[in-house]
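Fold and contact review
Okay, here's what each chain looks like letter by letter:
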Amino acid sequence: MTHDKVTLPAELRTDFGKGAARTARREAKVPAVIYGHGAEPIHILLPIQETTLALRVSNALLTIDVEGETHLALVKDVQRHALRQTVDHLDLLTVKKGEKVTVDVTVHIEGEVAPGAVLDVDHYTVSVEADATNLPEQVTVNVDGREVGEHVLASDLVLPRGTELLIDADTVIATVDEPKVQDLGSTDDETATAGAEGEAASAASAE
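These remarks concern the structure in this document. (Residues numbered from 1 in each chain as written. Predicted model: local features only at pLDDT ≥ 70, side-chain atom pairs only at ≥ 80, totals over all residues. Heavy atoms only, no water.)

As a further point, take the nonpolar core. Counting residues in each nonpolar core, the largest one holds 25 residues, and the members touching the most others are V101, V107, V126, L157 and I173. Elements with a minimum of two residues in this core: strand 7 (100-110), strand 9 (125-131), strand 10 (138-142) and strand 13 (172-177). When residues of this core are assigned to their parent elements, the largest contribution, four residues, is made by strand 7. Dropping the residues within four chain positions of it, V107 is found in contact with H123, Y124, T125, V126, V139, V141, L157 and I173. (Core = buried A, V, L, I, M, F, W, Y, C linked by side-chain atoms within 4.5 Å. Buried < 20%, exposed > 50% of the residue type's maximum accessible area, 1.4 Å probe, protein only. Helix = DSSP H or I, 4+ residues; strand = E, 2+ residues; numbered from the N terminus. Contact = heavy atoms within 4.5 Å.)

In structure tokens, the structure reads:
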């Protein structure tokens, strides 16, 4: 599955500094910078609501309309407010059709391991290289019926056409293990019995 392009309107940013950034955010705008391909960075302001919605999709491919001039870009870095987790700033990398880029994608696990076993996942994301305008949303692997002791390797991942995995094929993505048994200590009944026996012993010694 690949992403649809999202178009965001932008305006050139003329005021800089923390005060100007705070003012922009109060006006529901997100400061951002577009860079790449050796061009001069372009400082812009984006509408916060549309931008936040676009960022819900990982590796979103964005068309940034800067006052009539469009730029195809990927989000390279998102700075968020430490408490509110709102978007404070974006770094955008310009890309071209046919250009290969490296991104991290989610590992989507399908199926259920054998009864009595659990799956211990080591890598929830992996790095891949793909066409900038045809980035995968995820890669998948099926673990149906796998037994205790089996490993799910990077070579088991199903990659969309045109996508290249950038980790070793024998990298362990997940392992099928036995359920971990936790010692929860004595039960309430056992505690109550032990307490009653203790009281009886104390009474007998007192006599």
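What follows picks up the thread again.
The strand order across the open sheet built from four strands is 10-7-9-12, with neighbouring strands paired in mixed fashion. The sheet is open, and its two edges are formed by strand 10 and strand 12 (164-165), each paired on a single side. Sheet topology note: the strand 7/strand 10 ladder contains five bridges and is parallel. Paired with T106 across the bridge in strand 10 is Q138. (Pairing = 2+ DSSP bridges.)

On to the environment of V87, then. Relative to the helices and strands, V87 resides in strand 6 (residues 87-94). Spatially, the C-alpha atom of V87 lies 9.4 Å from that of L55, the residues being 32 residues apart in sequence. Excluding residues within four positions of it along the chain, V87 makes contact with V30, I48, T52, L55, V78, Q79 and R80.

Another aspect to go through is the sheet that holds strand 5 (residues 69-80). In spatial order, the strands read 1-3-2-6-5-4; together these six strands close into a barrel with mixed pairing. Across the sheet, the mean angle from the axis of one strand to that of its neighbour is 45 degrees, orientation sign disregarded. Here strand 5 runs beside strand 6; their pairing, made up of seven bridges, is antiparallel. Counterpart to V75 in the pairing with strand 6 is L92. Strands strand 2 (29-36), strand 3 (39-47) and strand 6 of the sheet are contacted by helix 1 (residues 18-26), whose axis makes an angle of about 120 degrees with strand 2. (Axes fitted to C-alpha atoms, helices over the stretch in contact; angles between N-to-C directions.)

Attention shifts here to the side chain of R13. Counting through the fold element by element, R13 comes out in the loop between strand 1 (6-12) and helix 1. Looking at R13, its side chain comes within polar contact range of the main-chain oxygen of D15, at 3.0 Å. Apart from the residues within four sequence positions on either side, R13 is in contact with A21, P31, H43, I44 and L45. (Polar contact = N/O pair within 3.5 Å; in protein donor to acceptor, adjacent residues only side chain to side chain.)

Considering the arrangement of structural elements, one finds T171 in the loop between strand 12 and strand 13. In this structure the side chain of T171 is engaged in a polar contact, spanning 2.9 Å, whose partner is the backbone oxygen of D168. Residue contacts for T171: discarding those within four places in its chain leaves H123, V152, L153 and A154.

This structure, assessed with the given rule, holds four salt bridges. With a shortest N-O distance of 3.9 Å, K29 and E27 are connected by a salt bridge. Taking relative accessible area as the criterion, K29 reaches 22% and is therefore assigned partly exposed. (Salt bridge = Lys/Arg side-chain N within 4 Å of Asp/Glu carboxyl O.)

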